[in-house]
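# Coordinates in review
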Amino acid sequence: MLSPEGEPLSRKYYSEKTEKDLDADEMVRGYEIDKGKYVVITDEELERLAPEKTRDIDLKVFVPEESIPPVYFERGYFLTPDAGSEKAYKLLAETMEKGGKAGLATFVMRGKEYLVSIFAEHGILRAETMRFPDELRSPEDVGLPKKTKVPKATVKKFEKLISNKSKKQLSRTTLGDEQTERLLKLVKKKSTQRKNIIEVETEERDEGKVIDLMAVLKKSLAAKG
Amino acid sequence: MAARAIWKGELKIGGTKIPVKLYSAVVDRTVHFHILDDKHLMRVKQHMVNPDSGDEVTNEEIQKGYELEPGKFVIITDEDLESLEPKPSREIEITEFVPPEAISQQWYERPYYLAPDGDQKAYFALAEALKNREREGIARWVMRNKAYVGALRSEDDYLLLVTLRNAEEVISARDLPKPAGRAPTQKELTMAKQLVGLLEGEFNAADYKDEYRERVMEFIEQKARGKAPRLRAVKSKRKAASLDSVLQKSLQSLKKEKRAA
């Protein structure tokens, strides 16, 4: 977002009462228990509430890769080894990949508990954050109708259609996003026309913090002994 | 209580059209906090300011910019964005079918249940055919001015549509540099295999509960009643030992657990 003069804007919080902008240390986290009534919860309290066992990533069980239904998956993160843990990383990745296994673990980070499954692919470990079962609705929750008897001929007809249109692989181009492509085309067109372009001086930016899950993982293995 | 449908459409598969209703399969259970100003304990408001002057810039004045390179923006107007919107449609078109293993876990984003909206026979027949053939359908549709690609699956006799991420959002492990360091020795591989073997099991959803969320909610309730317990400080963990000894120790302790069980 830019100002009318084309300067990148920053988001600020302000108090409605004083109409003054607030710094980070002038704000607290509150849970609304009644309309307009809040219980203040501090970072420290959230940290201390984490059960001891969940502070590290502790791989508790390894399951066949394809046995986790896709509805659970939320978002994938590649894991990179920390200096000194390359050996453990490669060993775990190779063992899991050969065995077709995914590891499951839970841990608490920044005020939230995570359920993750860890997959190995091409020697790289990837963590997929997952939904907890109570975050998913069942067909009964939704109120879906009971299954009715279906004519065999209709099933056969669909089976034939599926076989005819089946492919072994899913191509990346199938998953292309036309909207984004069209936006990029428009951006290109506008930029070659040298119209609507704004340049501003830049400052160094804060790149998002990368979490070294491997280091935590290794620590958790060590703590087991 | 039955959920409310968020969208209605038609599954188009070959020459057949199956009317369906779409329901979210996800419930938000996050503990939501508000940001308060610490003096008045009132919710804060947000606005956009010019970082140099600190002056507020109103919504009407804000322009959207696409960053070409650091510090270089192309202005995109609301009309531009509108012209990019896909044509509204009620059709969910199934273009092809793939085996489930052809779709990596990375692609799946958000699941929706499809419910029959009239023709129940066709709906349940398609679910059964997908299950029998062990295939997922690749679906395309437009919902609320946005184009989606999804995987049509059969789950417990019902049809489920899971949105898939766009190709631009997903990085392939093949494109990442291989981790450095020497390859594991045969001895290490054997030990690791044993260790993984001891921890082998099935995925059982009922095993997983967000205990932390429950603790936080309980604490909030206690605090609201003025009865919050004192919380102990967090202890720091020991340092990691060498891989070999870690594997050995883990194996030994796991074997002991197994024998005891």
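Small disclaimer: the values here were computed from a predicted structure and weren't measured.

### What to know about the interface of chain B and chain A
Contacts between the two partners involve 160 residues from chain B and, on the opposite side, 151 residues from chain A. Around 14700 Å² of area is buried between chain B and chain A when both sides are counted, 63% of it from carbon and sulfur atoms. With a closest N to O distance of 2.9 Å, Glu128 of chain B and Lys147 of chain A form a salt bridge. Counting every contact that joins chain B to chain A gives 51 residue pairs in polar contact (both at pLDDT 80 or more). Its residues placed into classes, the side of chain B that touches chain A shows 87 nonpolar, 27 polar and 46 charged. Here strand β2 (residues 27-34) of chain A runs beside strand β3 (residues 34-37) of chain B; their pairing, made up of four bridges, is antiparallel. Counted as the bridge partner of Met27 of chain A is Asp37 of chain B from β3 of chain B.

### Let's talk about helix α4 (residues 152-164) of chain A
All names here are of chain A. Helix length check: α4 (13 residues) gives 18 Å between terminal C-alpha atoms against 18 Å at 1.5 Å per residue, within 8%. Among the residues of α4, Thr154, Val155, Phe158, Glu159 and Ile162 are the ones counted as buried. Around the axis of α4, the buried residues are gathered within 135 degrees of arc, so they sit on the same side. Facing away from the buried side of α4, by more than 90 degrees, are the exposed residues Lys152, Ala153, Lys156, Lys160 and Asn164.

### So, the side chain of Thr106 of chain A
All names here are of chain A. With respect to the secondary-structure elements, Thr106 resides in strand β6 (residues 101-109). Looking at Thr106, the relative accessible area reads 7%, which means it is buried. A polar contact is formed between the side chain of Thr106 and the side chain of Lys60, at a distance of 3.4 Å.

### Things to note about the pairing of strand β10 (residues 108-116) of chain B
For a regular strand, side-chain orientation follows a simple rule: the groups alternate between the two sheet faces. Residues and elements named next belong to chain B. With seven of nine residues buried, β10 is to be regarded as a mostly interior element. Sheet topology places strand β2 (residues 16-24) next to β10; five bridges connect them, and they run antiparallel. Paired with Tyr23 across the bridge in β10 is Tyr113. Pairing of β10 with strand β13 (residues 158-164) involves six bridges; the strand directions are antiparallel. Paired with Tyr113 across the strands is Leu160, a residue of β13.

Calculation notes
Per chain, the residues get numbers from 1 upward, laid out in the order the sequence is written. Throughout, the order in which chains and ligands are written sets their labels, letters from A for the former and numbers from 1 for the latter. Residues qualify for local features only when their pLDDT is at least 70, as the model is predicted, and side-chain atom pairs are given and counted only at 80 or more; totals for whole chains, interfaces and linings, by contrast, use all residues. With hydrogens and water stripped out, all remaining heavy atoms of the structure feed into the side-chain values. Whether two residues are in contact is decided by their heavy atoms: any pair within 4.5 Å suffices. Buried area, as used here, totals the accessible surface that two parts lose on assembly, with accessibility defined by a 1.4 Å probe and the loss added over both. Basic side-chain nitrogens of Lys or Arg form a salt bridge, by our definition, when they fall within 4 Å of a carboxyl oxygen of Asp or Glu. Polar contacts, as used here, are pairs of N or O atoms within 3.5 Å; protein pairs need one atom able to donate a hydrogen and one able to accept it. Residues neighboring in sequence count only if both atoms are side-chain atoms. All amino acids are sorted into three groups, where Ala, Val, Leu, Ile, Met, Phe, Trp, Tyr, Cys and Pro are nonpolar, Asp, Glu, Lys and Arg are charged, and the leftover types, Gly among them, are polar. Strands qualify as paired when DSSP identifies two bridges or more between them. In this text, helices come from DSSP runs of H or I with a minimum length of four residues, and strands from runs of E with a minimum of two, each type numbered from the N-terminal end. To estimate how far a helix should reach, multiply one less than its number of residues by 1.5 Å. Here's how the labels work: a residue is buried when its accessible area is under 20% of the maximum for its type, exposed when over 50%, partly exposed in between, all with a 1.4 Å probe on protein chains only. Summarising the geometry, the arc corresponds to the directions from the helix axis toward the C-beta atoms.

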